[in-house]
Each structure stands twice: as structure tokens, then as C-alpha cells.
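Secondary and tertiary structure notes
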Amino acid sequence: MRLAAALVLAATAAAHDLTLTAKSEGPAVIVTAAYAGTEACTFAAVTIFNPSGKEHQSGRSDASGRFAFVPNALGDWKVVIDDEIGHRQELKIVAGEAGTIAAGAQPLWQKAVTGLALIFGITGFLYGWKRRAAR
């Protein structure tokens, strides 16, 4: 299979502003990880899962936060990048017909709902704990 498209899509992550960008270079997909879109996420652990969910490849990003792989099947590939200090992000890469790829992460509205749920959950827990301690 040959990835002929040079489609570049950026996907911002909710995990501490870790930004993932994917682009195709011939048959390869190059994923770049950066903090807040500017500082490279260097030597982070990277795992690639094929469309059946099995691990396809693993390794570390380079000094520029890049990692490359070649999809050998059509479908949804998952890239997981973890810098092992609390920043982790997943990116879905869709390898389609005619060598096209598409990349996407969690939509913005889902990030917002997740953030609000965490804020309300932690606040509720703290108020409950404070009330219990006051008894």
C-alpha cells in the first residue's frame, strides 16, 4: 500500500497541551509530538496499534519529537505517545483507499466536557470531605 497523499492534520490533546501532528511522506506516516505546539516532546515512548488492535511497532520519538511508521493495512491505526512524566496522548490515523490518510483526536467538545466533569467531581469530593470532617 502506498500513501501518496500529503495530508497534514493537527490534533490538539487535552493531556497538558501535548499536540500531535501527522503527515504522510510517501508510504510512511510521520507523527510529531510537541508541548503546547512548540517544544518538542523528545524521546517519548511511542506505541503503534494496527486496525485489529494488536501492537504493530513501538519505540521512542527522536530529538525533534518525531516518530515514523508504515501502515501495512487499511483501517484505523492508533498512535499512543507517553513521555512517562504525566503527558500521554492518543491519535487515530485512518489509512484509506488510494493511499490517503486522515488523523484525528478527541473533539474539542469532548475535551471540554471531560474537563468540566473533572472539575465538578473533584469539587464535590472536596466539599463532601470538608462536610464529613466538620461533623
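Residues numbered from 1 in each chain as written. Predicted model: local features only at pLDDT ≥ 70, side-chain atom pairs only at ≥ 80, totals over all residues. Heavy atoms only, no water.

**Considerations on the nonpolar core**
Which entries qualify depends on this criterion: Only buried Ala, Val, Leu, Ile, Met, Phe, Trp, Tyr and Cys residues count toward a nonpolar core, and they belong to the same one when joined by side-chain atoms within 4.5 Å. Each residue is placed in one exposure class: buried if its accessible area under a 1.4 Å probe, protein chains only, is under 20% of its type's maximum, exposed if it is over 50%, and partly exposed if it falls in between. Under the scheme used here, helices are H or I runs from DSSP no shorter than 4 residues and strands are E runs no shorter than 2 residues, and both carry numbers assigned from the N terminus. Residue contacts are defined here by distance: any two heavy atoms, one from each residue, within 4.5 Å place the two residues in contact.
In terms of nonpolar packing, the biggest core is built from 19 residues, with Val31, Ile48, Phe69, Val79, Ile81, Leu91 and Ile93 touching the most fellow members. Going through the elements one at a time, strand E2 (18-25), strand E3 (28-35), strand E5 (45-49), strand E7 (66-69), strand E8 (75-82) and strand E9 (88-95) are the ones with two or more residues in this core. Other than its neighbours up to four places away in sequence, Val31 contacts Thr21, Ala22, Gly65, Arg66, Phe67, Phe69, Val79, Ile81 and Leu91.

**Here's the deal with the environment of Phe43**
Relative to the helices and strands, Phe43 resides in the loop between strand E4 (39-40) and E5. Under the relative-accessibility criterion, Phe43 is labelled exposed at 51%. When the C-alpha atoms of Phe43 and Asp82 are compared, they prove to be 9.5 Å apart, with 39 residues separating the residues in sequence. Setting aside anything within four residues of it in sequence, one finds Phe43 in contact with Arg60, Ser61, Asp62 and Ala63.

**Examining the confidence of the model for the protein**
Let me state the cut-off plainly: Across the chain, each position has a pLDDT score giving the predictor's confidence in that residue, from 0 to 100.
On average, residues of the protein score 81 in pLDDT, and 78% of them reach the 70 mark or higher. Mean pLDDT values over the elements of the protein span from 33, in strand E1 (residues 9-12), up to 96, in E5. Low confidence marks residues 1-15, where pLDDT is under 50. Its contacts with residues over four positions away, or in another chain, come to 56 contacts.

**Observations concerning the packing of aromatic side chains**
Defined as follows: In this analysis, rings of Phe, Tyr and Trp, with Trp reduced to its six-membered ring, are considered paired at centre separations within 6.5 Å, and the interplanar angle assigns stacked below 30 degrees, edge-to-face beyond 60, and tilted for intermediate values. A positively charged side chain is recorded as over a ring if its NZ (Lys) or CZ (Arg) lies within 6 Å of the ring centre. The angle to the ring normal must also be within 35 degrees.
Counted by the stated rule, this structure contains 2 aromatic pairs. Geometrically, the ring pair formed by Phe69 and Trp77 is tilted, given 5.8 Å between the ring centres and 40° between the ring planes. As far as burial versus exposure is concerned, Phe69 and Trp77 are alike and both buried. Stacked on the ring of Phe49, the Lys or Arg Lys78 has its end atom at 5.1 Å from the ring centre.

**A closer look at the pattern of salt bridges**
Quick reminder of the rule: Each reported salt bridge corresponds to a side-chain nitrogen of Lys or Arg within 4 Å of a carboxyl oxygen of Asp or Glu.
Scanning the model with the defined rule gives 4 salt bridges in all. Notably, a salt bridge pairs Lys23 with Glu25, separated by 3.5 Å at the nearest N-O pair. The exposure class of Lys23 is partly exposed, given its relative accessible area of 32%. Close ionic contact of Glu84 with Arg60 constitutes a salt bridge, the shortest N to O distance being 3.2 Å. Taken as a pair, Glu84 in the loop between E8 and E9 and Arg60 in strand E6 (residues 55-60) lie far apart in primary sequence, 24 residues in all.

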